[in-house]
Amino acid sequence: MNEVTKIDRKQREYSEAAKASIGRKPQLFINGEWVDSSHDKVLDVEDPSSGKVIGQIVDASNKDVDRAVAAARQSFDDGRWNGLPPVAREKIINRLADLIEEHADELAELEAIDNGKPKGMAAAIDVPGAANHLRYMAGWASKLAGEVVQPAGAPTGTFFSYTQREPIGVAAQIVPWNFPLLMGTLKIAPALAAGCSLILKPAEQTSLTALRLADLVAQSGIPAGVVNIITGNGHTAGDQLVRHPDVDKVAFTGSTEIGKVINRTATETMKRVTLELGGKSPVIIMPDVDPAEVAPGTAQAIFFNSGQVCVAGSRIYAHKSVFDKVMEGMAETAAFWAPRASLDPEAHMGPLVSKEQHDRVMGYIEAGKRDGASVIMGGDAPGDDGYYVNPTILADVNPQMSVVREEIFGPVVVAQRFEDLDEVAKEANDTPFGLAAGIWTKDVAAMHKLASKIKAGTIWGNCHAMIDPALPFGGFKESGIGREQGLAGIEAYTETKTVIIKL
C-alpha cells in the first residue's frame, strides 16, 4: 500500500476569527468604507481541502468598479495621500505592516483555508513576506529623487534643467490566486510609497485575505479612497478596470494568456503596464554535485505551494552521470510532499486551488503518459474529497511534449538528461518563457557561464525561489513586461518629468 494513500485528509476545524471573516456579509471596500454592491451577484468561496463551499464574496458590477475608480481618482487628485510628506507616508505604510504582523496567525489560517496551502507555509513565508514588502517599499517613499542635468547643446549657465519623479496616478492592480496576500501587498506597497491611489482586485478564487487586509488598511491611517479593494471575476470586474479611462496604470500578475489580453486592452488608452506572467523554469544540475544534497532542493523547487508558483522549477536537466541518483533522491521525498489538508500541522503541500486547476493538472499528466513519458513518482491523485494531486516526476520526455513546453502550474516536473553546457543552455532557452532558472554546481565558473547564456529574469545558483523585496523581479520574452521589487518596482509607479528653465 502506498504510504501517500494512508493520510487522513479531512480538513480541521476553523478558528473563531477565521469563521468571522469567512461569514462576513459580501461587500466591497470603497472610499474607506464597506459598501454593498449595486447588484446581488455573488461568487462562492471554496475550501480546496474539502471541495466545500464555505462562504460568498461580491461579484462586482461595472458600477461598482466605476465607484472604486472614482474614489481612487478623487483621492489622488486632491492630494490627500500624494501631498503628504514622504516620511508621513512611510510611517503609515509601516503601520500597515505592523497590523499584518499583529494578525499574522489569522491571516495565515485564512490563506490556508482559501488557497489550500499549508498554514505553516503561509505563516512562515506569505505573511512575513507581505509585511517585509511593505517595510522595504515604505523606505523608498522618502528617497525617490530626480537630478540636475546640464543640457548638452546649450552654453553653461544659460539653462537650469532638472528631472523629478511623480506618482503615476491611479493604479489598477490584479493579483493571482497562488500567493493572494503576498502578491496583494507586493502590488500596493510600491504604489503607496510612490504616492499613487489604487484599486486592488484579488483573484476570484482567493479573496479572503484581501478583504481582511481592507480592515487593516482602514486601521492604518491610510486616507479613505487611496486603497480600494473589490472582488469579482477577472473577465468582468478585471476587464472593466483595465478599460477604465480614469485608470493610469495596470499591474497584473497571472497567466501569459490573460496578460496578453490586458496588454492589448490597455494599449487603447496608453496605460502604463507591468505584467508578471508565466514560466517554465529550467533547473540545470551539473555532474559535480552531490545528488543527496541537490535532490531535496530540486524537489522543493517544484513541489512547494503544490507547484502553483510562476518560477517553479518544472524542467529538470540533470547531467547523465547524476541523473538516476537525483531522481532517486527526489522520489524519496514523496512522503514529505504528500498532500494534506491545509490546516493539518504536518502538511508541507496542500491541495490545488480549485477543481478546474486539479482537472487541468491531471489532464497534463495523462497527456504526458499518452505521449510516452514514464512516471518516476506520483502521476495520480488521492481519491479523497478536495483537489489533491500527488507530487509527480515524469521522465523519458522530449521537447515536443505538452508537459515539457507548457506551464502546468501544478506539482509536476519533467526530467531530462544532458551532456554538455552548450547543449543544455540551448534546451533551457527553447521556450517562449523566460522568468527564472536554477543552476546546481560546485563550479563557480560554470555557474557564471550558464547564467550568461540563459534568457531569464532571475537565475538562482544552488537554491531556488529566493525572492527578496530589494531584488528586481520579472521576466524575459513572454514572461512579462517590466520589473517589480527593488528600486525598479517603485519607479514603475512614477512618471519622469523634465523641467527646463532659461536663465
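For every chain, the first residue of its written sequence is number 1, and the numbers climb from 1 along that sequence. In keeping with the model being predicted, local features are shown solely for residues with a pLDDT of at least 70 and side-chain atom pairs are shown and tallied solely at 80 or more, while totals for entire chains, interfaces and linings include all residues. In computing side-chain values, all of the structure's heavy atoms are included and hydrogens and water are not.

Per an unreviewed UniProt entry, the recorded name for the protein is Aldehyde dehydrogenase family protein, and the organism is Altericroceibacterium endophyticum.

Colleague: Is there a simple way to think about the overall build of the protein in this case?
Modeller: Counting secondary structure elements, the protein contains 17 helices and 21 strands. The globule rule is 2.2 Å times the number of residues to the power 0.38, and the radius of gyration it is compared with is taken over C-alpha atoms. Since a compact globule built from 503 residues should have a radius of gyration of about 23 Å, the 23 Å found for the protein is in line with a globular shape. In terms of overall dimensions, the protein has C-alpha extents of about 75 × 60 × 40 Å along its principal axes. Across the 503 residues in the protein, those meeting the buried criterion constitute 57%. Across the protein, the fraction of contacts at a sequence separation of at least 24, relative to all contacts at a separation of at least 6, is 73%. Only DSSP runs of H or I reaching four residues or more are called helices, and only runs of E reaching two or more are called strands; each is numbered from the N terminus. Exposure classes here rest on a 1.4 Å probe applied to the protein chains alone. A residue is buried below 20% of its type maximum, exposed above 50%, and partly exposed in between. Two residues form a contact once any of their heavy atoms are found within 4.5 Å.

Colleague: Please clarify how the UniProt feature "domain: Aldehyde dehydrogenase" (unreviewed entry) in the protein should be interpreted in this entry.
Modeller: Within this numbering scheme, the UniProt entry marks residues 34-499 as carrying the feature "domain: Aldehyde dehydrogenase" (unreviewed entry). Between the first and last C-alpha atoms of residues 34-499 the distance is 42 Å; the span itself is 40% helix and 20% strand. UniProt positions are given in the numbering used here, feature names are shortened, and annotations may be inferred rather than shown by experiment.

Colleague: Would you take a moment to explain the sheet that holds strand E15 (residues 412-418) for this structure?
Modeller: One bridge is not enough; two strands pair if DSSP finds at least two bridges between them. The strand order across the open sheet formed by 7 strands is E13-E14-E15-E12-E11-E17-E18, and the pairing between neighbours is mixed. Two strands lie at the open edges of the sheet, namely strand E13 (374-377) and strand E18 (458-461), each paired on one side alone. Going from strand to strand, the sheet's axes swing by 25° on average, the running direction of each strand aside. Where strand E17 (residues 436-440) and E18 come together, 4 bridges link them in parallel fashion. Looking across to E18, one finds that Ala-436 is bridged to Thr-458. Throughout, an axis means a line fitted to C-alpha atoms (over the contacting stretch in the case of helices), and angles, computed between N-to-C directions, take values from 0 to 180 degrees. Here helix H15 (residues 421-428) sits on the sheet and contacts strand E11 (282-285), strand E12 (315-319) and E15; the angle it forms with E12, its principal contact strand, is near 175°. The sheet contacts of helix H16 (residues 444-453) involve E11, E17 and E18, and relative to E17 the element is tilted by about 160°.

Colleague: When you look at the UniProt feature "active site" (unreviewed entry) in the protein in this model, what are you seeing that I'm missing?
Modeller: Feature annotation in UniProt places "active site" (unreviewed entry) on Glu-276, given in this structure's numbering. By the secondary structure assignment, Glu-276 is in strand E10 (residues 272-276). When neighbours within four sequence positions are excluded, Glu-276 is seen to be in contact with Met-183, Phe-252, Thr-253, Gly-254, Cys-310, Leu-435, Phe-473, Ser-479 and Glu-484.

Colleague: When you look at the layout of surface pockets in this model, what are you seeing that I'm missing?
Modeller: Over the atoms, a rolled probe matching the size of one water molecule traces out where space is still vacant. Within this model, the largest pocket holds a volume of roughly 1100 Å³. Whether a set of points on the 1 Å grid over the protein atoms alone is a cavity depends on a 1.4 Å probe fitting there but being unable to get out, while an open set qualifies as a pocket with protein on both sides within 12 Å along at least five of seven lines; lining residues are those with an atom within 4 Å of a point. Around the largest pocket, the lining comprises 40 residues; the ones closest to its centre are Trp-177, Phe-252, Gly-254, Ser-255 and Ile-258. When residues in the lining of the largest pocket are grouped by element, the largest group, 7 residues, is from helix H9 (residues 256-267). In the scheme used here, Gly and all other residues not listed as nonpolar or charged are polar, with Ala, Val, Leu, Ile, Met, Phe, Trp, Tyr, Cys and Pro taken as nonpolar and Asp, Glu, Lys and Arg as charged. Looking at the lining of the largest pocket, its residues break down into 17 nonpolar, 13 polar and 10 charged. Grid points are joined across faces, edges and corners, and a volume is the space filled by probe spheres set on the points.

Colleague: Looking at this structure, I do not really get the nonpolar core. What am I missing?
Modeller: Most often, soluble globular proteins keep nonpolar side chains buried together rather than apart. Note on terminology: a nonpolar core comprises buried Ala, Val, Leu, Ile, Met, Phe, Trp, Tyr and Cys residues joined through side-chain atoms within 4.5 Å. One finds Ile-100, Leu-192, Ile-222, Ile-285, Ile-316 and Met-330 to be the most contacted residues of the largest nonpolar core, which totals 81 residues. Among the elements that take part in this core, helix H6 (residues 180-194) stands out by supplying 9 residues, more than any other. Per-domain counts for this core show at least three residues from each of domain 1 (16-277 + 479-500) and domain 2 (281-461). Counting residues in each nonpolar core, the second largest holds 27 residues, with Leu-28, Ile-30, Val-242 and Leu-277 among its members. Where each domain begins and ends is defined by an automated method or by a domain database.

Colleague: Help me understand the side chain of Asn-305 in this model?
Modeller: Tracing the sequence through the fold places Asn-305 in the loop between helix H10 (291-303) and E12. Among the polar contacts made by the side chain of Asn-305, one reaches the side chain of Lys-117 at a distance of 3.2 Å. When near neighbours in sequence (up to four residues on either side) are disregarded, Asn-305 contacts Asn-115, Lys-117, Asn-178 and Phe-179. Here a polar contact is taken to be a pair of N or O atoms separated by no more than 3.5 Å, where protein atoms must pair a possible hydrogen donor with a possible acceptor and residues adjacent in sequence count only if both atoms sit in side chains.

Colleague: I tried to follow the state of the cysteines on my own but got confused; where do I start?
Modeller: A covalent bond bridging the sulfur atoms of two cysteines is what the word disulfide describes. Note that a disulfide, as used here, is simply two cysteine sulfur atoms within 2.5 Å. For the structure shown, the criterion picks out 0 disulfides. Looking at the unpaired Cys-310, the closest cysteine sulfur is the one in Cys-463, lying at 15 Å. Take Cys-310: its relative accessible area is 11%, and that puts it in the buried class. The partly exposed category is assigned to Cys-463, whose relative accessible area is 27%.

Colleague: I would appreciate a short explanation of helix H8 (residues 234-243) in the present structure.
Modeller: Side chains that are three or four residues apart share a direction in an α-helix, a result of its 3.6 residues per turn. Buried within H8 we find Ala-237, Gly-238, Gln-240, Leu-241 and Val-242. Those residues of H8 hidden inside the fold are in contact with helix H2 (62-77), strand E6 (170-174), strand E7 (197-201), strand E9 (249-253) and H9.

Colleague: How should I be thinking about the pairing of E10 in this particular structure?
Modeller: Counting buried positions along E10 yields 4 of 5 residues, so the element is predominantly enclosed. Pairing between E9 and E10: 5 bridges, direction parallel. When the bridges of E10 are listed, Ala-251 appears paired with Thr-274. The handedness of a crossover follows from its direction of travel: if, with the strands pointing away from the viewer, the path from the first strand over the helix to the second runs clockwise, the crossover is right-handed. The β-α-β motif built from E9, the intervening H9 and the parallel element E10 has right-handed crossover chirality. When E10 meets strand E20 (residues 480-481), the two strands line up antiparallel, connected through 2 bridges. Considered in E20, the bridge of Leu-275 is made with Ile-481.

Colleague: Help me understand the packing of aromatic side chains, please; the structure alone is not making it clear to me.
Modeller: When we look at a pair of aromatic rings, we describe it by the centre distance and by the angle of the planes. Only Phe, Tyr and Trp rings are paired, with Trp represented by its six-membered ring, and only when their centres lie within 6.5 Å; those with planes under 30 degrees apart are stacked, over 60 edge-to-face, the remainder tilted. Per the stated rule, a full pass over the model turns up 6 aromatic pairs. Ring geometry for Phe-303 and Trp-337: centres 6.3 Å apart, planes at 55°, overall tilted. Placement of the pair is Phe-303 in helix H10 and Trp-337 in helix H12 (residues 334-337), with a sequence separation of 34 residues. Three or more aromatic residues link up through ring pairs in this structure, and these residues are Phe-303, Phe-336 and Trp-337. Between the NZ or CZ atom of Arg-9 and the centre of the ring of Tyr-388, over which it lies, the distance is 5.5 Å. For a lysine, the NZ atom is tested; for an arginine, the CZ atom; a charge sits over a ring if that atom is within 6 Å of the ring centre and within 35 degrees of the ring normal. For the cation-ring pair, Arg-24 lies above Trp-34, with the distance from its terminal atom to the ring centre recorded as 4.4 Å.

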